[in-house]
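Architecture and fold: a report
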Amino acid sequence: LSNSDIRTLLTDPKNFRKERPDGKALVEGRYFHVSMLEPDKKDDIIIVSASSRNTNIYKDAVAQSGKDILLLRGEADELDEVIVAMRSNLRFYDLIYAEGNEFEKPGVQQIKGMLWKGKADVVNHSEGLVIDLKTTAKLDDFRWSAKRNNYDSQAYIYQMIFGYPVLFLVAEKGTGRLGIFNASDDFVRGGEEKVERALEVYHNFFGDN
């Protein structure tokens, strides 16, 4: 299981493990993370110079690529501003690119009787942190949107897999405002409760019995 399974198990278990087409948030997230952590792969991402996804230019590009959705130039430009803001901040830069850091590190751990997998954006061994990079529409609302987006269960799972607490480095799209958010004990405990509820659903509907 992974943290991405929790939303489906808790809200729509009939569609658990069913393939879904990529959405706008996913392609934006991929571009953001590749640009921050694996810039050598940035050229592999297709960006379409079209005003919207309703244009023939965009539709033709999607058909040629064979992908569900592609990034628009305007979306990439907005993300580039966020990326520059993050990389230009000394505290963010030191946390993300400290010597000995590991990027996109996968891990697997047995948690409450099931194997869970995760991939940490950054494992910072010198400070003993798992660092997760996020963008948000409104930085002031992140403490609440984080729970809605199941970042609390992610913090719990990653803490169990990698052995370090999770620190969220967040940038607001459109302004480049930055925020550093600790995963508090209460936040992580709420994530653990979500994991327990998701496992109950999993065993009821998909377990051996």
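Calculation notes
- Residues numbered from 1 in each chain as written.
- Predicted model: local features only at pLDDT ≥ 70, side-chain atom pairs only at ≥ 80, totals over all residues.
- Heavy atoms only, no water.
- Core = buried A, V, L, I, M, F, W, Y, C linked by side-chain atoms within 4.5 Å.
- Buried < 20%, exposed > 50% of the residue type's maximum accessible area, 1.4 Å probe, protein only.
- Helix = DSSP H or I, 4+ residues; strand = E, 2+ residues; numbered from the N terminus.
- Contact = heavy atoms within 4.5 Å.
- Pairing = 2+ DSSP bridges.
- Axes fitted to C-alpha atoms, helices over the stretch in contact; angles between N-to-C directions.

In this structure, W116, I157 and F168 are the most contacted members of the largest nonpolar core, which totals 32 residues. Contributions of two or more residues to this core are made by α1 (4-11), β4 (114-124), α6 (142-148), α7 (151-162), β6 (166-172) and α8 (185-206). Look past the residues within four positions of I157 in its chain and what remains in contact with it is N3, I6, I111, W116 and V195. Counting 30 residues, the second-largest nonpolar core is a separate cluster that includes V34, L70, A76 and V122.

Turning next to α1. Among the residues making up α1, those that are buried are D5, I6, T8 and L9. Contacts made by the buried residues of α1 are with β4, α7 and α8.

The strand order across the open sheet built from five strands is β3-β4-β5-β6-β7, with neighbouring strands paired in mixed fashion. Two strands close off the open sheet at either side, each with one partner strand: β3 (102-111) and β7 (178-182). Strand-to-strand, the axes of this sheet are offset by a mean angle of 40 degrees, without reference to chain direction. In the sheet, β6 pairs with β7 via five bridges, with the strands oriented antiparallel. Counterpart to F168 in the pairing with β7 is F181.

For β6, the tally of buried residues reaches seven of seven residues, placing the bulk of the element in the interior. Turn length for the β6-β7 hairpin, with the two strands adjacent in sequence and antiparallel, is five residues, and the turn residue G174 shows positive phi of about 95 degrees.

Along the chain, M86 turns up in helix α4 (residues 73-88). Put simply, M86 and I96 are 10 residues apart on the chain and 9.5 Å apart in space, counted from C-alpha to C-alpha.

With that out of the way, let us pick up the pairing of β3. Relative to β4, β3 runs antiparallel, the two being bridged by nine bridges. The residue bridging K105 from the neighbouring strand is A120, located in β4. Counted between consecutive antiparallel strands, the loop separating β3 from β4 contains two residues, among which K112 sits at a positive phi close to 55 degrees.

With respect to the helices, strands and loops of the structure, E104 is situated in strand β3. If we skip the residues at most four places from it in the chain, E104 touches H33, L37, E38, K119, A120 and D121.

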